[in-house]
Amino acid sequence: MSKKPAYGKPQRLKFPAEEAANKWLGYAFDAYYRADVGVAKGIEQAERQGRKLACAKGCSSCCKSHTTIPIFPLEMLGLYWYVSKIMPADARNRLKAQLASHVPGNPCPFLLEGVCSVHPMRPLACRHFNVFDQVCAEGEDAFHTRREDVLTPIKYHQDAAYAAMLPFHGFTTPAQQQVAMQHRYIQQQAQVLQEMDWAHLAARIDE
Ligand code: SF4
Ligand code: SF4
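Note that the coordinates shown come from a computational prediction; the quantities given were computed from them, not determined experimentally.

Visitor: Help me understand the layout of surface pockets, please; the structure alone is not making it clear to me.
Guide: Estimated volume of the largest pocket: approximately 620 Å³. Pro 70, Ala 125, His 128, Phe 129 and Phe 143 are the residues nearest the centre of the largest pocket, which is lined by 26 residues in total. Only helix H6 (124-128), helix H7 (142-145) and helix H8 (155-165) provide two or more residues apiece to the lining of the largest pocket. Sort the elements by how many residues they give to the lining of the largest pocket and H8 lands first, with 4 residues.

As structure tokens, this is what we get:
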């Protein structure tokens, strides 16, 4: 969704001290890195076929028009962490009012003045949604209006991102992870971002 700079070489997020103190953060960073690698590869393949990525920083109508963005438990935790500990204080204060007044079903509350305020930790669904050739019209969900212009994530990389989240749920051995992937364990944990109680996060900001 909105807010993507032109795709460069993906970089794993780097917060070494935080990661050392919170092992789960590494799982989230791995998942996002694996997803970003897959997205970059998918875009590169499409561009070789003459497509041009329409998404760019500041383009954000998708963040308002999409109403059922999936979010996984590790991603929720990641957003709490990012907003509480990493986001600059002035942005955090501006975001707090949006979170506090969020009503389930409203658009994503993390869009701040047309830009994703949690861009480094935006969910997999946001990372995976990319549109080619034509910027979305206000209110358009290109997945429904022109599916052929929407990037289909490369399954290998998408699965690798899900697999990176498994240790957070206690699946640590290759055998356990294989079974969990077969049963789509991560996908089954999805909730809808817009339906979450974000007022709770606003309250945590004050603590
Ligand atoms: S082109 Fe569409 S999907 Fe891409 S950032 Fe803009 S509004 Fe979002
Ligand atoms: S987290 Fe919200 S603001 Fe950020 S990209 Fe996703 S939908 Fe847009």
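Visitor: Would you explain helix H11 (residues 199-206) in this entry?
Guide: For an α-helix, the turn length of 3.6 residues means that residues three or four places apart are oriented alike. Burial in H11 covers these residues: Leu 201, Ala 202 and Ile 205. On an axial view of H11, the arc spanned by its buried residues comes to 105°, and they lie on one face. Considering only its buried residues, H11 is in contact with helix H4 (73-86) and helix H5 (89-100).

Visitor: Help me understand the packing of H5 against H11 in this model?
Guide: Helix-helix packing is described using two parameters, namely the angle between the two axes and the distance between the axes. At a closest axis distance of 7 Å, the pairing of H5 and H11 adopts a crossing angle of 145°. Crossing geometry of H5 relative to H11 is assigned as left-handed. Contacts between H5 and H11 pair Arg 92, Lys 96, Leu 99 and Ala 100 from the former with Ala 199, Leu 201, Ala 202, Ile 205 and Asp 206 from the latter. Class assignment for the residues of the contact of H5 with H11 results in 6 nonpolar, no polar and 3 charged.

Visitor: Just to check I follow, could you spell out the packing of aromatic side chains for this structure?
Guide: What the rule picks out here adds up to 7 aromatic pairs. Taken together, a centroid distance of 4.9 Å and an interplanar angle of 80° make the contact between Phe 110 and Trp 198 edge-to-face. Remark: Trp 198 occurs in the loop between strand E4 (191-192) and H11 and Phe 110 occurs in the loop between H5 and strand E2 (111-112); sequence separation between them is 88 residues. Here the aromatic cluster, defined as three or more aromatic residues joined through ring pairs, consists of Phe 15, Phe 29, Trp 81 and Tyr 82. Lying over the aromatic face of Tyr 32, Arg 127 brings its terminal NZ or CZ to 4.1 Å of the ring centre.

Visitor: How should the nonpolar core be read in this particular structure?
Guide: Residues Val 83, Leu 99, Phe 110, Val 118, Met 121, Leu 124 and Trp 198 are the most contacted members of the largest nonpolar core, which totals 46 residues. When contributions to this core are tallied by element, the ones reaching two or more residues are helix H2 (23-48), H4, H5, H6, H8 and H11. Considering each element in turn, this core owes the most residues, 8 residues, to H2. Residues within four places of Val 118 in sequence aside, it is in contact with Leu 79, Tyr 82, Val 83, Met 87 and Phe 110. With 12 residues, the next largest nonpolar core counts Val 39, Leu 53, Cys 55 and Val 150 among its residues.

Procedures and definitions
Residues numbered from 1 in each chain as written. Chains lettered and ligands numbered in written order. Predicted model: local features only at pLDDT ≥ 70, side-chain atom pairs only at ≥ 80, totals over all residues. Heavy atoms only, no water. 1 Å grid on protein atoms, 1.4 Å probe; cavity = no way out; pocket = protein on both sides within 12 Å on 5 of 7 lines; lining within 4 Å. Points joined across faces, edges and corners; volume = space filled by probe spheres on them. Helix = DSSP H or I, 4+ residues; strand = E, 2+ residues; numbered from the N terminus. Buried < 20%, exposed > 50% of the residue type's maximum accessible area, 1.4 Å probe, protein only. Arc of directions from axis to C-beta. Contact = heavy atoms within 4.5 Å. Axes fitted to C-alpha atoms, helices over the stretch in contact; angles between N-to-C directions. Left-handed = near helix turned anticlockwise from the far one by under 90°. Nonpolar A, V, L, I, M, F, W, Y, C, P; charged D, E, K, R; others polar. Phe/Tyr/Trp six-rings, centres within 6.5 Å; stacked < 30°, edge-to-face > 60°. Lys NZ or Arg CZ within 6 Å of the ring centre and 35° of its normal. Core = buried A, V, L, I, M, F, W, Y, C linked by side-chain atoms within 4.5 Å.

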